[in-house]
Amino acid sequence: RVALDAMKDLFHDLSKDKSTTGAIDLRDAAARMESELALASDELKDLRCLRDEAATAKKEVASARVELRAKRRAMEMQNRDLQERADMVNELMMDKGELAA
């Protein structure tokens, strides 16, 4: 009878230990998952920042292209104007030379 009670107590203690061990394992797993979630959230935040920076850079590049095209057009117009003026000066110099001769 005493041996039976001792065995019951032993099984009861073992089941209590298993429950405690299971609870500890669950807490460890939850802590590990929380840590992994925090790391993933940080990585996602960094990726979002990179995406935003890339979008800003893309807009800046597009704006710079437009500005560069406008400057090229202005330079081309200025070059044409200068060439026309140079042609006029040459003609005037030739006319003046012909008059002097």
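You'll find the structure just up there.
Heads up: these notes are all about the structure in this document. Predicted model, so just to flag it, every value in this text is computed and none were measured. (Residues numbered from 1 in each chain as written. Predicted model: local features only at pLDDT ≥ 70, side-chain atom pairs only at ≥ 80, totals over all residues. Heavy atoms only, no water.)

In this section: the overall build of the protein chain. Looking only at helices and strands, the protein chain has 1 helix and 0 strands in total. If one aligns the C-alpha atoms of the protein chain with their principal axes, the spans along those axes are about 145 × 15 × 10 Å. A buried classification covers 1% of the 101 residues belonging to the protein chain. Accessible surface, the protein chain: about 9,700 Å² in total, of which carbon and sulfur atoms supply 60%. Counting 19 positive and 22 negative side-chain charges, the protein chain places the centres of these two groups 4 Å from one another. (Helix = DSSP H or I, 4+ residues; strand = E, 2+ residues; numbered from the N terminus. Buried < 20%, exposed > 50% of the residue type's maximum accessible area, 1.4 Å probe, protein only. Areas by Shrake-Rupley, 256 points an atom, 1.4 Å probe, with all protein chains shown as cover. Lys, Arg positive; Asp, Glu negative; His and termini not counted. Charge placed at Lys NZ, Arg CZ, Asp CG, Glu CD.)

A cluster of basic side chains, namely Arg65, Arg69, Arg72 and Arg73, defines a positive patch on the protein surface. Here arginine 72 shows up in helix H1 (residues 2–100). (Patch = residues over 30% accessible without salt bridge, like charges linked within 9 Å, V, L, I, M, F, W, Y side chains within 5 Å. Salt bridge = Lys/Arg side-chain N within 4 Å of Asp/Glu carboxyl O.)

What follows covers the pattern of salt bridges. Per the counting criterion, the structure on display carries 3 salt bridges. A salt bridge links aspartate 52 to arginine 51; its shortest N-O distance comes to 3.5 Å. Owing to a relative accessible area of 43%, aspartate 52 belongs among the partly exposed residues under this scheme. For arginine 51, a relative accessible area of 53% translates into the label exposed. Salt-bridge contacts for glutamate 67 lead to lysine 71; the nearest nitrogen and oxygen are separated by 3.5 Å.

Here the focus is a negative patch on the surface. A cluster of acidic side chains, namely Glu84, Asp87, Glu91, Asp95 and Glu98, defines a negative patch on the protein surface. Summarising the element assignment, aspartate 87 is placed in helix H1. With a relative accessible area of 35%, aspartate 87 lands in the partly exposed category.

Everything listed here is a matter of geometry and, on its own, says nothing about what the molecule does.
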